[in-house]
Amino acid sequence: MEKFLWGSATASYQCEGAWNEDGKGESQWDDFSHHSPFNINHVDGDISCDHYHRFIEDLDLMKESHQNTYRFSIAWTRIIPDETGKVNQKGLDFYNQLINACIERHIVPNVTLWHYDLPLHLYKIGGWENRRTIDEFVNYAKICFEAFGDRVPLWVTVNEPGFYTHCCYGAGNYPPNVCDFQRYAKAGYHLMLGSARVIEEFRKGDYIGKIGLVHASGNVETKGTDEANQIAARNADLFNNLWVTDTCIRGYFPDDLFYKLRESQIDLSFVKEEDKIHFRNGTVDFLGINLYCRTYVKPYSGGETNVHLNNKGSGKILEGEVIKGWYETAYDPHVKVNQWGREIYPRCMYDELMTIKREYDNIPVFITENGHGCYDELIDGQVDDKERIEIVGEFIKWMLKAREEGCNVQGYYMWSTMDLYSWVNGYKKRYGLVYIDFNNGNKRIPKKSYYWYKKLIENDLKGE
Ligand code: BGP
């Protein structure tokens, strides 16, 4: 067996800062955080933790804690800043330096091409709702493959097509901040097509790596076991998981998905017959799973569609949704929730991995994100994040159990490498192994969990 990959993850807009340096163009998130009334915490990623200038220090900390892999994303707007399509050499230089610095430290770079930050000019023509974005994505991906494909062993096409569209077009907390299922379906379909077409492009080249897609997964569980609950479970699985996982692994959408969409009056004229061939040819080598919680549901009981996420914290508002005619969220009073109203249920790691093993012929998987967001405090120069250690420790235990039982899980990435911009939640919701003192020159202070994770990696790799 190859060495298990133990590492951590970030995404370009969330950590790089340097939003307008070295020829970088504007992305939808630059625009959102500077101008949108929906930016409810009134912060931006202009500087964030300044990874752009401090990646060497960050990589040294990863190395020091025995992490042997780093998942990060490329900012499209550093490579192709605007609609002229001209390639920005300084952008290529930056990622060349980052990739080379990983390799020098024996840290496997796991590179995501797109993690939410669309170029602003594409966002303005409808983003993923517009087919042109797919062609532009393939063009951008090809440039990255040509520039870095000789050294990158793991590529990811897109991060979380499901959760991204859910936020943009369901909850409406990400730009364009609407609740519109027609647009939701179209953008989601195009994202999957974009991913498939990029994989087809990858297969044409002589690159050393493997390529996958990252899905924000959560295995579905129901309150009851009767027929109504089973139907709700299938609907919730279609809605949250299968349109992504079936499509990128099997190469086609589940039949009953289109049936359900039509039943919900979704106009499917954006689905073209000729796309089928791309989906068939553009399947993944591995699945990345971002795992934070399960999907706990019950039968739809009435009312309009309503999706709510808690971006303000403080623990009072729970996350959940009613999807008209499909299912609704169930709440289990025995399961704890975090300060943002999301279940803390580490066992779902095992259930999810065993589901993927069973359904998809034990495809290679990576846990590309898992972690615990909380309000960490710096006291006397230290952060004692024992809650994170306890919760993430449980998740990892369940992952190792699935591994022991034959699940083809090949790596684990903790979200996140260091504290960073938590999208609409701002900066107070922290996930990092390393604390960032945002008020004190972005000083890096490893938390207790950093040392705990170091020990855990050491022990696991010793046992191999
Ligand atoms: C995932 C995203 C990450 C990250 C994480 C935590 O969905 O891929 O970018 O942010 O969730 O979520 P949040 O920051 O909203 O708490």
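Everything here concerns the structure above.
None of the values given here were measured: they were computed from a predicted structure.

The rules we used
Residues numbered from 1 in each chain as written. Predicted model: local features only at pLDDT ≥ 70, side-chain atom pairs only at ≥ 80, totals over all residues. Heavy atoms only, no water. Helix = DSSP H or I, 4+ residues; strand = E, 2+ residues; numbered from the N terminus. 1 Å grid on protein atoms, 1.4 Å probe; cavity = no way out; pocket = protein on both sides within 12 Å on 5 of 7 lines; lining within 4 Å. Points joined across faces, edges and corners; volume = space filled by probe spheres on them. Nonpolar A, V, L, I, M, F, W, Y, C, P; charged D, E, K, R; others polar. Axes fitted to C-alpha atoms, helices over the stretch in contact; angles between N-to-C directions. Parallel < 35°, antiparallel > 145°, perpendicular 65-115°, else oblique. Left-handed = near helix turned anticlockwise from the far one by under 90°. Contact = heavy atoms within 4.5 Å. Salt bridge = Lys/Arg side-chain N within 4 Å of Asp/Glu carboxyl O. Buried < 20%, exposed > 50% of the residue type's maximum accessible area, 1.4 Å probe, protein only. Near = heavy atom within 4 Å. Polar contact = N/O pair within 3.5 Å; in protein donor to acceptor, adjacent residues only side chain to side chain. Areas by Shrake-Rupley, 256 points an atom, 1.4 Å probe, with all protein chains shown as cover. Patch = residues over 30% accessible without salt bridge, like charges linked within 9 Å, V, L, I, M, F, W, Y side chains within 5 Å. Pairing = 2+ DSSP bridges. Expected span 1.5 Å × (residues − 1). Phe/Tyr/Trp six-rings, centres within 6.5 Å; stacked < 30°, edge-to-face > 60°. Lys NZ or Arg CZ within 6 Å of the ring centre and 35° of its normal.

Draft legend 1. Region of the structure containing unusual backbone geometry. Of note, the bond from Pro 175 into Pro 176 is cis; its omega dihedral lies within 30 degrees of zero at 15 degrees. Position of Pro 176 relative to the elements: it lies in the loop between helix 8 (161-171) and helix 9 (181-204). Note the cis peptide between Trp 415 and Ser 416, where omega equals 10 degrees. In this fold, Ser 416 is placed in the loop between strand 13 (409-415) and strand 14 (434-437). Even without glycine at this site, His 42 takes up a positive phi of about 55 degrees. Looking at the secondary structure, you find His 42 in the loop between helix 2 (28-35) and helix 3 (51-64).

Draft legend 2. The arrangement of the layout of surface pockets in detail. Approximately 610 Å³ is the volume attributed to the second largest pocket. Along the wall of the second largest pocket there are 25 residues; nearest its centre are Glu 2, Lys 3, Leu 5, Phe 366 and Gln 410. Per-class residue counts for the lining of the second largest pocket are 12 nonpolar, six polar and seven charged.

Draft legend 3. Representation of the packing of helix 10 (residues 227-250) against helix 11 (residues 255-263) within the structure. Running from N to C, helix 10 and helix 11 cross one another at 110 degrees; their axes reach a closest spacing of 10 Å. Judged by the angle between their axes, helix 10 and helix 11 are roughly perpendicular. Along this stretch, helix 10 crosses helix 11, giving a crossing that reads as left-handed. Facing Arg 234, Asn 235, Leu 238 and Trp 243 of helix 10, the residues of helix 11 in contact are Asp 256, Leu 257 and Lys 260. Counted by class, the contact of helix 10 with helix 11 contains three nonpolar, one polar and three charged residues.

Draft legend 4. Molecular detail of the pattern of salt bridges. Under the defined criterion, the tally for this structure stands at 37 salt bridges. Close ionic contact of Arg 132 with Glu 136 constitutes a salt bridge, the shortest N to O distance being 3.3 Å. One end of the pair, Arg 132, and the other, Glu 136, are both in helix 7 (residues 131-148), four residues apart, so they sit about a helical turn from each other. Classification of Glu 136 as partly exposed rests on a relative accessible area of 24%. Taking the shortest distance from any N to any O, the salt bridge between Lys 324 and Glu 304 comes out at 3.1 Å. Of the two residues, Lys 324 is situated in the loop between strand 10 (320-323) and strand 11 (327-329) and Glu 304 in the loop between strand 8 (295-298) and strand 9 (306-308); the sequence distance between them amounts to 20 residues. Here the salt bridges do not stand alone but share partners, grouping Asp 376, Asp 385, Arg 388, Asp 419, Arg 430 and Lys 447 into one network.

Draft legend 5. Summary view of the site of the ligand. What surrounds the ligand is a group of 15 residues, the closest being Gln 14, Glu 160, Ser 422, Lys 429 and Tyr 431. At a separation of 2.6 Å, an oxygen atom of the ligand approaches a polar side-chain atom of Glu 160. Starting from 380 Å² of accessible surface for the ligand in isolation, the protein chains cover 96%. Taken together, the residues of the shell around the ligand break down into six nonpolar, six polar and three charged.

Draft legend 6. Quick look at a nonpolar patch on the surface. Among the surface-exposed residues, Leu 318, Tyr 331 and Val 337 lie close enough to one another that they form a single nonpolar patch of about 220 Å² accessible area. Tracing the sequence through the fold places Tyr 331 in the loop between strand 11 and helix 13 (348-359).

Draft legend 7. Structural detail: the sheet that holds strand 7 (residues 286-291). Read around the closed barrel, the eight strands follow the order 1-2-3-4-5-7-12-13; overall the barrel is parallel. Pairs of neighbouring strands in the sheet enclose a mean axial angle of 25 degrees, with direction left out of account. For strand 3 (residues 108-114) and strand 4 (residues 154-159), the ladder comprises four bridges, and the chain directions are parallel. The residue of strand 4 that forms the bridge with Asn 110 is Leu 154. Helix-sheet contacts for helix 14 (residues 386-404) involve strand 1 (5-9), strand 7, strand 12 (365-369) and strand 13, and the interaxial angle to strand 13 is about 170 degrees.

Draft legend 8. Helix 5 (residues 89-104), seen in detail. Along its 16 residues, helix 5 runs 22 Å from first to last C-alpha, staying within 8% of the 22 Å computed at 1.5 Å per residue. Three or more residues of helix 5 are buried, namely Gly 91, Leu 92, Phe 94, Tyr 95, Leu 98, Ile 99, Ala 101 and Cys 102. Its buried side turned inward, helix 5 meets helix 1 (12-15), helix 3, strand 2 (69-73), helix 4 (76-79), strand 3 and helix 7. Following helix 5 by one or two positions, His 106 has its phi on the positive side, about 60 degrees.

Draft legend 9. Representation of the packing of aromatic side chains within the structure. For the coordinates displayed, the defined rule picks out 48 aromatic pairs. A ring pair is formed by Trp 29 and Tyr 174, whose centres lie 5.1 Å apart and whose planes are at 85 degrees; its orientation type is edge-to-face. Linking Trp 29 in helix 2 with Tyr 174 in the loop between helix 8 and helix 9, this pair joins segments that are 145 residues apart in sequence. Both residues of the pair, Trp 29 and Tyr 174, belong to the buried class. Judged by centre distance (5.7 Å) and plane angle (50 degrees), the rings of Tyr 350 and Trp 398 are tilted. Pair noted here: Tyr 350 is in helix 13 and Trp 398 is in helix 14, with a separation of 48 residues, a long-range link. Look at Tyr 350 and you get buried, because its relative accessible area is 13%. Above the plane of the ring of Trp 326 lies Lys 260, whose end atom (NZ or CZ) is 5.3 Å from the centre. When the ring centre of Tyr 345 is taken as reference, the NZ or CZ atom of Arg 294 above it lies at 4.0 Å.

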